[in-house]
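One letter stands for each residue in the lines below.
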Amino acid sequence: FLCSRSRLCSAQDLFATPIPQSFQVGINIIEAQKLVGVNINPFVVVKVGEEKRHTATQKSTNCPFYNEYFLFEFHEPRDILFHRLIEISVFHSKKIPFLGTCIGTFKMDVVTVYSQPDHRFFQKWAVISDPMDTRAGVKGFVKCNISVTARGEVVGSLPTSSSSQDEDIERNLLLPKRVPAERPWARVCVKLYRAEGLPSMSAGIMGGFSKIIGEKKVFIDPYVQVSFCGQQGETSVETNTTDPEWNEQISFIEMFPPLARKIKVQVLDDANVGDVAIATHYIDLQQISDSGRNGFNPTFGPAWVNLYGSPRNSALRDIHKDLNEGMGEGIFYRGRILMAITVEIFSSPSQPGEVTVEVEELHPLPENALGRKEEFLLFAAFFEATMMDSSLSSKPVSFEVSIGNYGKAEEVVTKVWRKKEKGEVKEEKQPLLDPGSDGELDVEVLAPASAALNKSVTNSQRPEPMEYDRSYSCLPMMHEKPCVYMWSYWEDHTWRLCISNWIVKLAERLEQGLDDVEKLMRRPKTKAEERLREVLEEFVAGCRQYLLSTERKTMAHPNNLDRCRMKYLMRNIILYAKQGLRMRRRLTRANVKEKVKETRRVLTKLRFMAKEPQCTLPDVLIWMLSNNRRVAYARVPAQNILYSVVEEEKGKDCAKIQTVFMKVPRLHTGEIFAKLEVYMWLGVTKYAKNCLTELPEEFKYLSESGQEIAQLSAYSPPSRLSRDDFSYFQLRAHLYQARGILPADDNGLSDPFARVVFSTHCQTTRMLEETLSPMWNELLLFDQLIIDGKKEELKTETPIVIINLFSHNKFGSPEFLGQAFAVPQVKLVDEPYTKPALQFFDFYKGSKAVGELIATFELMELDYSGYLEDVEPKEPDYLGDPHAGRFIIPEGIRPVLKEFRIEILFWGLRDLKRVNLFEVDQPQVIIECAGKKVESEVIMAYKENPNFTELVKYMDVDLPEQVYLHPPLSIFVVEKRAFGRTVLVGTHVVSDVMKFSPRELEEDPEDVPK
């Protein structure tokens, strides 16, 4: 089984926009050899993206020596830099400077360099060839080092170079592995047939600039620009339409295999003022080709490509404009385009003389080339919306669900000043999330015209604060769950997604198994090896099942890529199954760690294979509307909720209650804006009667007017689900301690507390002062919880617990330090109670791991009297003062403590660096472990005598018996400065204290000298 509700959210999914990072591209041009030409004065030009640098000119030589180093700095998101090209060209300098003639060039994109070991090429020869004269062959070689480093990455040491005179150039070419030294020329054709559903511009803004048709809509003049390997081509412009037909092909000539991975396809609007990007799509050559021995050249389509971008339809004042240029994930559907790609490789005599980009006419595709359109039903029921940002508290909130252009509410843009002229006073609202609004444009959302049939927006409700701790709000959905539904029409290529789903499920199961094994490996004396053996057996069995089923699979209207991909998947699944068997045979106690690593590598390849390049159904977008403004969104891939009769081909979240996290457009922090539990179903209408079968039985189906629907038909899904009979649960959150958390204050420490969110409840632990490993030892009790879903599925589909870690701030709001997700252990009424063991959970902030939490969570069903039968203890003990109402973790769950003594011998300090430009003069060392502290004396004049005079100190601490639960030991060096300020000089954390205990104490430790 696969979890939908308790699937932990991966860090990448929380980022709406990629974060700009600092990168350096360093290029060292050493020398050139065998340049073609008589009596030439060569110089080399290096170009990365838009920036250009050049070397000095060497007089009359064919093998010049330069040894010049160029550093290009970039501050931009990873994806954007990785699409940039590096070009190295050699010119022959004439009398007039800068009018050199080009001898030849070499091109490669940045991602190819970055994916090399150590992210660099060291002392390799780039092959120079002339794009204007392709038949002439190689024009020379340039020896260079190229490296790409991100800020904060550790750079490996350089190998020593052996620059002997007779070094073999042919063997050290600047090419990635498995690319042949002699690359033939090839023609890459991108065929663009037509597009549909492109957004139309709104007249309110563009009115002054452009032609207005009627009053309401301004149509666009779309054309497509395709760029590949530094060359670009454009189709002709179609005027006044949102469904243009081009039927043109753009062909590029480039060496094969090309050293650039992406083809960029951009739809633009040809405007008088300047062309505006409507949407951008990148096609990854690695996904549409296979470079293996039995592989295939890049091929694609004809297939529809879905385009995404920003929600506004205007060209001016659009704060999400760069989403249309392909930066970050699109947050709105912007039409789709029908295209194909083919590659033909030339044999030498037939190749063209020079590299050009040609645009030619094409025959249009026949009417039903891709099959007829089928009718699909999308149904969604909202079970819970919690952990919503408290900024929404007063305004009504509703949700809009859309797939493609179906279900989108139309937006009417009005200018605010017009309303003011009528004498109405309009108060300025400055919302938290929309810095670009400035009160000039007000976007109101109207219900779509086809609303008679479809219902795509829920009725709005006012959020209420969550129980206990009121720092978040939630929607009251206890008795009635709102539903939405809509019909849409797409070509039925669902078999592609079914095959992909099968592989996704293989990968998910493998990943869940590996996570289990890694959890077991964190503790001594567990059965990690046996669990890994089971995981591999399951994986091989899954591969076998896939191979048996795909032999019988029929494809409707397959294109060339489908046929090639089918064979490629078969070949590789057989290969991975064999690898799985081999790993299982060679598995022993000793090499579990290594085998887990190997299995992870197979998992990465599986994940890559599962991506379907020709996904015909667009993603489902869920928008949260607050006061009719779009606030936050979530994007759910259609294949995850797609229905199929075959269980393995169903989407992993189809007809299950799944947890969805909503994020704010353009927010870098990766904080969650709201958490939803949604039940979703998408499928061809002929299966529509299955859309409600998985819902729990106790629900009544209500129609829009509130009457109960007795007879369900495919054309009248319910608009609300209601129920009266509930089962109640109790959640016990045992939070023992956190370690290695981020420092929030200047002294290198934090004042941490945790907020635990479960369903519509939120509770807080106590705040501990000045520590990086807070030992809360606290039990949070959530009583009388109502949990939706079928009881028998709660074991596998458990709702998720979210632990948010904050540092208390005396003056402002608390500082966010990270987030962990946990799945509670479930106990139903009729099951015996077992005490849970403490587990480790990692805190994440963004994509970085920032410490870990030791805790455990149990979810127990209460019987009708609201009483727990056999649970020990029934009433937990108080922690400290009973009036504070805090509970301590019960015995048997909390670890048993023993007293240890840590002795410290203080010697001296060396090599202290400056802090804030001042030298350190009076340092002091503080050592902290398990909440106890030892401070050394303050050295009075570090310059003259850096040693301590008082040498030995000790502290007595209580540590748990199990070594893996020991808290770390932190060492801080601080300095006292004027006005009583302390400044942190540096810290070090010793994770394993026991390595300082004497040998004979390891079995039965009494005290720990250090």
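To be clear, the structure that these remarks concern was listed above.
Please read all numbers here as calculations on a predicted model, not as lab measurements. (Residues numbered from 1 in each chain as written. Predicted model: local features only at pLDDT ≥ 70, side-chain atom pairs only at ≥ 80, totals over all residues. Heavy atoms only, no water.)

Chemist: What should I look at first to understand the overall build of the chain in this one?
Modeler: A tally of helices and strands in the chain yields nine helices and 50 strands. Residue burial in the chain is summarised as follows: out of 1010 residues, 53% are buried. Across the chain, every contact between residues at least 6 apart in sequence was considered, and the portion connecting residues at least 24 apart equals 71%. Working note: accessible area of the chain is about 47200 Å², and carbon and sulfur atoms make up 50% of it. (Helix = DSSP H or I, 4+ residues; strand = E, 2+ residues; numbered from the N terminus. Buried < 20%, exposed > 50% of the residue type's maximum accessible area, 1.4 Å probe, protein only. Contact = heavy atoms within 4.5 Å. Areas by Shrake-Rupley, 256 points an atom, 1.4 Å probe, with all protein chains shown as cover.)

Chemist: What is the right way to read the environment of Glu 354 from this model?
Modeler: Considering the arrangement of structural elements, one finds Glu 354 in the loop between β18 (332-345) and β19 (358-361). A residue is classified by how much of its surface remains accessible, and Glu 354, at 37% relative accessible area, is partly exposed. A sequence separation of 222 residues divides Glu 354 from Met 132, and the C-alpha atoms of the two residues are 4.4 Å apart. With near-sequence residues (within four places) excluded, Glu 354 lies in contact with Pro 131, Met 132, Thr 134 and Ile 253.

Chemist: How do you make sense of the nonpolar core when you look at a structure like this?
Modeler: In this structure, Ile 263, Ile 337, Met 339, Ile 341 and Leu 606 are the most contacted members of the largest nonpolar core, which totals 69 residues. With ten residues, the single largest contributor to this core is helix α6 (residues 494-521). Dropping the residues within four chain positions of it, Ile 341 is found in contact with Val 188, Cys 189, Val 190, Ile 263, Ile 283, Ile 288, Pro 298, Thr 299 and Phe 300. Grouped together as the second largest cluster of nonpolar side chains are 43 residues, Ile 40, Phe 106, Trp 125 and Ala 150 included. (Core = buried A, V, L, I, M, F, W, Y, C linked by side-chain atoms within 4.5 Å.)

Chemist: Sorry if this is basic, but what is going on with the pattern of salt bridges here?
Modeler: Any two side chains of opposite charge can pair, on the condition that their charged atoms come close. Applying the stated criterion across every chain yields a total of 46 salt bridges. Of the charged contacts, one joins Asp 168 and Arg 171 as a salt bridge, the two residues approaching to 3.8 Å between their closest N and O atoms. The class of Asp 168 is partly exposed, set by a relative accessible area of 34%. According to the relative accessible area criterion, Arg 171 is exposed, its value standing at 71%. Lys 373 serves as the salt-bridge partner of Glu 196, at 3.5 Å between the closest nitrogen and oxygen. Within this pair, whereas Glu 196 is found in strand β9 (residues 185-196), its partner Lys 373 is found in strand β20 (residues 373-386), the two being separated by 177 residues in sequence. (Salt bridge = Lys/Arg side-chain N within 4 Å of Asp/Glu carboxyl O.)

Chemist: Just to check I follow, could you spell out a positive patch on the surface for this structure?
Modeler: A cluster of like positive charges, contributed by Lys 177, Arg 178, Lys 593, Lys 597, Arg 601 and Lys 605, occupies part of the molecular surface. With respect to the helices, strands and loops of the structure, Lys 605 is situated in helix α9 (residues 592-610). Exposure remark for Lys 605: the relative accessible area of 42% places this residue in the partly exposed category. (Patch = residues over 30% accessible without salt bridge, like charges linked within 9 Å, V, L, I, M, F, W, Y side chains within 5 Å. Lys, Arg positive; Asp, Glu negative; His and termini not counted. Charge placed at Lys NZ, Arg CZ, Asp CG, Glu CD.)

Chemist: So what exactly am I meant to see when it comes to the packing of helix α7 (residues 528-551) against α9 here?
Modeler: The description of two packed helices rests on the angle between their axes and on the distance between the axes. The interhelical angle for the contact between α7 and α9, taken along N-to-C directions, is 25°, at an axis separation of 11 Å. Taken together, α7 and α9 sit at an angle that is classed as roughly parallel. As α7 runs across α9, the sense of the crossing is left-handed. Facing Ala 528, Glu 529, Leu 532, Leu 536 and Phe 539 of α7, the residues of α9 in contact are Val 592, Lys 595, Val 596, Thr 599, Val 602 and Leu 606. Among the residues making up the contact of α7 with α9, the classes are represented as eight nonpolar, one polar and two charged. (Axes fitted to C-alpha atoms, helices over the stretch in contact; angles between N-to-C directions. Parallel < 35°, antiparallel > 145°, perpendicular 65-115°, else oblique. Left-handed = near helix turned anticlockwise from the far one by under 90°. Nonpolar A, V, L, I, M, F, W, Y, C, P; charged D, E, K, R; others polar.)

Chemist: Please clarify how the sheet that holds β9 should be interpreted in this entry.
Modeler: What holds strands together in a sheet is hydrogen bonding between their backbones, with the strands either parallel or antiparallel. As summarised here, the arrangement of the five strands in space is β17-β18-β9-β14-β19, forming an open sheet in which the pairing is antiparallel. Two strands in the sheet have a free side with no partner beyond their single neighbour: β17 (300-309) and β19. Here the average twist between neighbouring strands, direction ignored, is 30°. Where strand β14 (residues 245-255) meets β19, four bridges bridge the pair, whose relative direction is antiparallel. When the bridges of β19 are listed, Gln 249 appears paired with Glu 360. (Pairing = 2+ DSSP bridges.)

Chemist: Got a minute to help me understand the side chain of Glu 529 in this structure?
Modeler: Along the chain, Glu 529 falls in helix α7. A residue is classified by how much of its surface remains accessible, and Glu 529, at 14% relative accessible area, is buried. Other than its neighbours up to four places away in sequence, Glu 529 contacts Leu 587, Thr 588, Arg 589 and Val 592.

Chemist: What is the right way to look at the environment of Lys 94 in this model?
Modeler: One can find Lys 94 in the loop between β5 (85-92) and β6 (101-109). Here the alpha-carbon distance between Lys 94 and Ile 40, two residues 54 residues apart in the chain, equals 8.8 Å. For Lys 94, the contacting residues outside a window of four places in its chain are Leu 99, Gly 100 and Thr 101.

Chemist: Looking at this structure, how should I read the packing of helix α8 (residues 560-585) against α9?
Modeler: Look at α8 against α9: their axes get within 11 Å of each other, and the N-to-C directions meet at 170°. Comparing the axis directions of α8 and α9 gives the class roughly antiparallel. Along the contact surface, α8 presents Arg 565, Tyr 568, Leu 569, Asn 572, Ile 573, Tyr 576, Gln 579 and Met 583, while α9 presents Lys 595, Glu 598, Thr 599, Val 602, Lys 605, Leu 606, Met 609 and Ala 610. Its residues assigned to classes, the contact of α8 with α9 shows nine nonpolar, three polar and four charged.

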